[in-house]
Amino acid sequence: MPVRQSRKRSRRPAGVAAAVAAAALVAAAGSTAAAEPTPPTPAPAASAPAPAAPAHGPAAPAHGAPAKRPAFGAYLDYGPRGVARMAALSHWLGGAELRVGHTYLPGDRWSNIEGAPGFLDVWADWRTRKADRMLVLNVPMMERNEEHVDDDEVRDLLRQGAAGRFDHHFRALAERLVALKVPDTVLVLGWEMNGTTYTHRCGPDPEAWKTYWNRIVTTMRAVPGQKFRFDFAPSRGRDAVPWTQCYPGDATVDIVGMDSYDQPRGMSFDEQVKEPYGLQAHVDFAKAHNKPVSYPEWGLFRNGDNAAYMRRMLAWMDEHKPVYNTVTDYCPHGVWQCDDNPRSTAVYRSVLFGRTDEPEPTVPTPQETTPPTAPPVPPEPSTAPEPPAGCSPLELGDWVEYWLGGKLCMRLDWYARDK
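Because the structure is a prediction, the values reported are computed rather than measured. (Residues numbered from 1 in each chain as written. Predicted model: local features only at pLDDT ≥ 70, side-chain atom pairs only at ≥ 80, totals over all residues. Heavy atoms only, no water.)

In protein chemistry, a disulfide is the covalent bond that joins the sulfur atoms of two cysteines. Here the structure, examined in full by the defined rule, presents two disulfides. Covalent S-S linkage joins Cys202 and Cys246, the inter-sulfur distance amounting to 2.3 Å. The sign of the S-S torsion, about -100°, decides the handedness of the disulfide formed by Cys202 and Cys246: left-handed. Taken together, the positions of Cys202 in the loop between strand 4 (186–189) and helix 8 (206–221) and Cys246 in the loop between strand 5 (229–232) and strand 6 (255–257) put the pair 44 residues apart, joining distant regions of the chain. The class of Cys202 is buried, set by a relative accessible area of 0%. Residue Cys246 is classed as buried on the basis of its relative accessible area of 0%. A sulfur-sulfur separation of 1.9 Å characterises the disulfide bridge that pairs Cys331 with Cys338. With the S-S dihedral at roughly 105°, the linkage between Cys331 and Cys338 falls on the right-handed side. Of the residues examined, Cys331 reaches a relative accessible area of 34% and is grouped as partly exposed. (Disulfide = S-S within 2.5 Å. Helix = DSSP H or I, 4+ residues; strand = E, 2+ residues; numbered from the N terminus. Buried < 20%, exposed > 50% of the residue type's maximum accessible area, 1.4 Å probe, protein only.)

Here we take up the nonpolar core. Residues Phe170, Tyr295, Trp298 and Tyr348 are the most contacted members of the largest nonpolar core, which totals 94 residues. Ignoring anything within four residues of it in the chain, the contact list for Tyr348 reads Phe72, Gly73, Trp92, Leu93, Trp298, Met310, Leu314, Val327 and Val335. (Core = buried A, V, L, I, M, F, W, Y, C linked by side-chain atoms within 4.5 Å. Contact = heavy atoms within 4.5 Å.)

Attention now moves to the packing of helix 7 (residues 167–179) against helix 8. One way to put it is that helix 7 packs onto helix 8 with a least axis distance of 8 Å and a crossing angle of 40°. Classified by the angle between their axes, helix 7 and helix 8 sit oblique to one another. Every pair of crossing elements has a handedness; the one defined by helix 7 and helix 8 is right-handed. The segment helix 7 lies against helix 8, with Asp167, Phe170, Arg171, Leu173 and Ala174 engaging Tyr212, Arg215, Ile216, Thr219 and Met220. Its residues assigned to classes, the contact of helix 7 with helix 8 comprises six nonpolar, one polar and three charged. (Axes fitted to C-alpha atoms, helices over the stretch in contact; angles between N-to-C directions. Parallel < 35°, antiparallel > 145°, perpendicular 65-115°, else oblique. Left-handed = near helix turned anticlockwise from the far one by under 90°. Nonpolar A, V, L, I, M, F, W, Y, C, P; charged D, E, K, R; others polar.)

A few words now on helix 7. With 13 residues, helix 7 ought to run about 18 Å at 1.5 Å a step, and its terminal C-alpha atoms sit 19 Å apart, in line with that. Of all the residues in helix 7, the buried ones are Asp167, His168, His169, Phe170, Leu173, Ala174, Arg176 and Leu177. Elements in contact with the buried residues of helix 7: helix 4 (110–113), helix 5 (121–128), strand 3 (134–139), helix 6 (151–162), strand 4 and helix 8. Lys181, located one to two residues past helix 7, shows a positive phi value of around 65°. (Expected span 1.5 Å × (residues − 1).)

This brings us to unusual backbone geometry. Cis peptide bonds are those with omega within 30 degrees of zero, and the linkage from Gln263 to Pro264 qualifies with -5°. Along the chain, Pro264 falls in the loop between strand 7 (260–261) and helix 9 (269–274). At the junction of Cys331 and Pro332, the peptide bond is cis and its omega measures out at 5° in the coordinates. As for its placement among the helices and strands, Pro332 is situated in the loop between strand 9 (324–328) and helix 12 (342–352). Phi at Glu192 takes a positive value of approximately 55°, unusual for a residue other than glycine. When you line up the elements, Glu192 lands in the loop between strand 4 and helix 8.

Here it is, written out as structure tokens:
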């Protein structure tokens, strides 16, 4: 199997990161600088009661009632532009209902992981405008999260986290989200922990990673008014370590997610389903643990403008009914903000055009109206070589053409003479 390659991508424009850092500095002005106090130790994760399923999970449909369509959205930008673009994407999709807003906390410093003033406000405002909307927030477990910290230091940091060294940062984040009136945010904590990209990776010490995750969840659930759902979201496949080795336990996981891009190069969708720790293993694992699934990140990648992948992935999600999915919408992964994938873009638009959160129809009735249709998917361009102008191909039979490497061509102007 080809070696899986990590994605090198930045989720925040430099200007947004600078603005977040500046806001944090302004908020911190006037406060006394002091060494971080030793945080009080919360109750061990094992003794923390699991949240009641109805409080966090989606309500089951009544017996015989059609299931609701899966909620979907897109990652459109790290900051306020991401919120502003959602209405335009909905319009492009024929008024489709984008119920999911998705962004990432900066992982550069602890003050930003706590939710610096000014950054989360616009997302909270979007979420609270409609009761059925969902805010998905990726939360780093470490500062300097994309600075290529070596394994030895990661191991030491994970053990500090497992001992409670960083609990107060996550308590501050929980209090911030409750104060912004988004206590039901879905938190994708320590995403893609089975890889090598992030400082919050699991591989250097899986046991310390799991203990640290449990402490974070226990700390955040202890904040009054919270209704958070915690999404455990590895990348598809084995990656650096099997993601099942990082699973922290059913008591602290509400959703089993998966980031799934069209990679490695040459791997078909069926192989992505069947590979070890792949798409099928993901839904089977979630079912065995009585958890719903999600796809916080997905999209095109190593196989270019792959319309077959786009069609199959959308069908897969319709079949397995995730809590939500959000396509990563920038090049090379995306469909609306990326001009490099026209065929996949047409598939995405044709499938989701006009889609709402209404239950899936059963038997159509004559009174139902057909929503406006998206443009058809363009045919795949032919890869057969075209004969040069003024040249007539000779039919010599398949066997001769095989050994010649193609058709011979007789020029129609062979009789011409220079004068």
